[in-house]
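Examining the three-dimensional arrangement
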Amino acid sequence: TNVTISGSVTTIGDNAFSNCSSLTSIEIPNSVTTIGTYAFFNCSSLTSVKIPDYVIEIKESAFIHCTALSSVTIGNGVTSIGKSVFAGCSNLTNITIGNKVTSIGDYAFSDCSSLTSVTIPNNVTSIGDYAFYNCSNLTNITINNDVTTIGSNAFEGCLSLTSVTIPSKVDN
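Throughout what follows, the structure given in this document is the object of discussion.

The rules behind the values
- Residues numbered from 1 in each chain as written.
- Predicted model: local features only at pLDDT ≥ 70, side-chain atom pairs only at ≥ 80, totals over all residues.
- Heavy atoms only, no water.
- Helix = DSSP H or I, 4+ residues; strand = E, 2+ residues; numbered from the N terminus.
- Rg over C-alpha atoms; globule rule 2.2 N^0.38 Å.
- Buried < 20%, exposed > 50% of the residue type's maximum accessible area, 1.4 Å probe, protein only.
- Contact = heavy atoms within 4.5 Å.
- Areas by Shrake-Rupley, 256 points an atom, 1.4 Å probe, with all protein chains shown as cover.
- Phe/Tyr/Trp six-rings, centres within 6.5 Å; stacked < 30°, edge-to-face > 60°.
- Polar contact = N/O pair within 3.5 Å; in protein donor to acceptor, adjacent residues only side chain to side chain.
- Core = buried A, V, L, I, M, F, W, Y, C linked by side-chain atoms within 4.5 Å.
- Pairing = 2+ DSSP bridges.
- Axes fitted to C-alpha atoms, helices over the stretch in contact; angles between N-to-C directions.

**Observations regarding the overall build of the protein chain**
A count of helical and extended segments in the protein chain gives zero helices and 14 strands. Beginning at the N terminus, the succession of helices and strands in the protein chain can be written as β-β-β-β-β-β-β-β-β-β-β-β-β-β. For 172 residues, the compact-globule formula gives about 16 Å, and the C-alpha radius of gyration of the protein chain, at 15 Å, lands near that figure. On the principal axes, the C-alpha backbone points of the protein chain span a range of 45 × 25 × 20 Å. Here the protein chain holds 172 residues, and the buried ones make up 44% of them. Counting contacts in the protein chain only where the partners sit at least 6 residues apart, residues at least 24 apart contribute 21% of the total. Summing over all exposed atoms, the protein chain offers an accessible surface of approximately 7,400 Å²; the carbon and sulfur share of this is 44%.

In structure tokens, the structure reads:
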């Protein structure tokens, strides 16, 4: 099932498409500024998402357990990736993080076991606790020099990670 959201919608509400197991694609219009908590929880057939530049907020667990999700583009309006937003997206291989993101929340990409490479863009200052927990195929992560805080166990279970360069500004 493909869904196109009307251009007059400004918020995709909490649980709006939760457990829509036949949802394969969604077109999010530029009018949307907020994606609610658990909005796409367990949409197990959703394969890719492009979050437009006009979206400012992606709330907690918005795309949690979208197991077929392989590609995500986060637009340049988003300032924060909330707690567990993409947790359990086990087929996620490609993530593009917009340049206005300043924080990556706790467990944001935990259990994304197909993720192999991540670039943390400029402006991100904080990476949350367990942010990349159990990303077992993650081999490369590039952390920009603006990062000052890396939460506890941020890379625990990243068994394929061979090296990480920690910026000198990191104080935690």
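**Concerning unusual backbone geometry**
Although it is not a glycine, tyrosine 107 sits at a positive phi angle of roughly 60°. Residue position: tyrosine 107 is located in the loop between strand S10 (103-104) and strand S11 (117-120). Using a relative accessible area of 31% as the deciding quantity, one classes tyrosine 107 as partly exposed.

**Looking at the packing of aromatic side chains**
Note on aromatic pairs: each is described by the distance of the centres and the angle between the planes. Applying the stated criterion to the full structure yields nine aromatic pairs. Relative to phenylalanine 86, the ring of phenylalanine 63 lies with its centre 5.4 Å away and its plane at 10°, an arrangement referred to as stacked. Remark: phenylalanine 86 occurs in the loop between strand S8 (80-81) and strand S9 (94-96) and phenylalanine 63 occurs in the loop between strand S6 (57-58) and strand S7 (71-74); sequence separation between them is 23 residues. Residue classification places phenylalanine 86 among the buried residues on the basis of a relative accessible area of 0%. The rings of Phe17, Phe40, Phe63, Phe86, Phe109, Phe132 and Phe155 are connected pair by pair, giving a single aromatic cluster.

**Here's the deal with the side chain of serine 18**
With respect to the secondary-structure elements, serine 18 resides in the loop between strand S2 (11-12) and strand S3 (25-27). At 2.6 Å, the side chain of serine 18 and the backbone oxygen of tyrosine 38 are in polar contact. Other than its neighbours up to four places away in sequence, serine 18 contacts Tyr38, Ala39 and Phe41.

**Section: the nonpolar core**
As a rule of thumb, nonpolar side chains are buried together in soluble globular proteins. Counting 52 residues, the largest nonpolar core has Ile35, Phe40, Phe63, Phe86 and Phe132 as the members making the most contacts within it. Mapped by element, the contributors of at least two residues to this core are strand S5 (48-51), S7, S11 and strand S13 (140-143). Setting aside residues up to four positions removed in sequence, phenylalanine 63 forms contacts with Ile35, Phe40, Leu46, Val49, Ile51, Ile58, Val85, Phe86 and Cys89.

**Considering the sheet that holds S7**
Pairing in this open sheet of three strands is parallel, and the strands run S5-S7-S9 from one edge to the other. Each edge of the sheet is formed by a strand with only one pairing partner; in this case those strands are S5 and S9. Strand-to-strand, the axes of this sheet are offset by a mean angle of 5°, without reference to chain direction. Here three bridges tie S7 to S9, and the two strands are oriented parallel to one another. Note on S9: the bridge partner recorded for threonine 73 is threonine 96.

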